[in-house]
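Observations on the model geometry
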Amino acid sequence: MNKKSVKTSTILKIIFASLSLVLLTTIVVLLSKPELLYQIQGKWLRPDQEYSTFKMIKPKGKLIEYDFSAEQDLDYEQSLMLVNQSHRLPQDFVPQMAEYKDSGVQMNVAMLDAYAKLSESVTQKTDDYLYVSSVYRTDEEQGILHAEDPDYALPAGHSEHQTGLAADVYVYEHAGMAFLESEAGKYVNQSCYDFGFIIRYPEGKEEITKIPFEPWHLRYVGLPHSKIIQQKFISFEEYIDLLEPGKFYRYQNYLITRQEISSKINLPQDLKNIVCSPDNTGHLIITGEYN
Ligand SMILES: [Zn+2]
């Protein structure tokens, strides 16, 4: 080999070594920063598919301070209030109620549209009609139910029926556990999550919810929270726990953050359709969509 070809092969070796190093570094960085890989996948590898990973992220760019008291481009809902044996509703809680389609049934305004869509879908898919046996209960009504049967009904202030966000549903001749024997009941238990609802007391989570499986009790939490709860197979209690205060999460095109209640909240700049809900644990959960 002459001097020149030795030199060329050395250069080739250096180039090869450098390229391998770059490739290796890229792999290590991508593995250690899954959110980066997730962004790349979402943007370039499968842009038209839903990328459904739920991940903690660090938002790009400067955060802006929203003035909550000035109601600056923010919608206020009650959809993520956690109500159970250990989380009582505040004494001054006033549910935002409205009548559902001239039916005489009162519901929290947050779930009116979602319930209409779910109910239409049940009829379309199963030829059956979804009815409600109980949606909203006042403090007094809950107290009476509890006094009649403490094993069946939670004490006043501890039932999510008092938020107007829970609905006990049934179809003709199939109420209670029998609801699951109907096509509609099966469909609702599988698909209510697509409409912003969850089976609030699922099978297998009794130790956390402290309530036996209730395939008829739907709770509205809104999208995308219902989808995340379904995909992770967690209870609503576990979901609230999962959201670390002050951190940011991404799911599909949504940004979710749970922050301490104060008049100012920090959010990335490029969000639209921002919805805030208190969670009844001293925090606000803010959900927005990226532009
Ligand atoms: Zn119920």
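It should be noted that the structure appears before, not after, this text.
Residues numbered from 1 in each chain as written. Predicted model: local features only at pLDDT ≥ 70, side-chain atom pairs only at ≥ 80, totals over all residues.

Attention shifts here to the environment of P155. Residue placement: P155 occurs in the loop between α4 (139–148) and β7 (166–170). With 10 residues separating them along the chain, P155 and L145 place their C-alpha atoms 8.2 Å apart. (Helix = DSSP H or I, 4+ residues; strand = E, 2+ residues; numbered from the N terminus.)

What follows deals with the sheet that holds strand β14 (residues 283–290). Spatial ordering of the open sheet is given by β1-β10-β11-β14-β13-β3, a layout of 6 strands whose pairing is mixed. The open sheet is flanked by β1 (54–57) and β3 (74–76), the only strands paired with a single partner. Shown here is a sheet whose adjacent strand axes are inclined to one another by a mean of 25°, direction ignored. (Pairing = 2+ DSSP bridges. Axes fitted to C-alpha atoms, helices over the stretch in contact; angles between N-to-C directions.)

This paragraph deals with unusual backbone geometry. Of note, the bond from L223 into P224 is cis; its omega dihedral lies within 30 degrees of zero at 5°. Along the polypeptide, P224 turns up in the loop between β9 (217–220) and α7 (225–232). The phi torsion at N273 lies on the positive side, around 50°, for a residue other than glycine. Secondary-structure assignment places N273 in strand β13 (residues 271–278).

Within soluble globular proteins, side chains that are nonpolar generally end up buried alongside one another. By size, the foremost hydrophobic cluster in this structure holds 51 residues, and its most contacted members are C192, F197 and I198. Among all residues touching C192, those that are not within four sequence positions of it are L118, F197, I198, I199 and L218. (Core = buried A, V, L, I, M, F, W, Y, C linked by C-beta atoms within 7 Å. Buried ≥ 20, exposed ≤ 12 C-beta atoms within 10 Å, placed from the backbone. Contact = placed C-beta atoms within 7 Å.)

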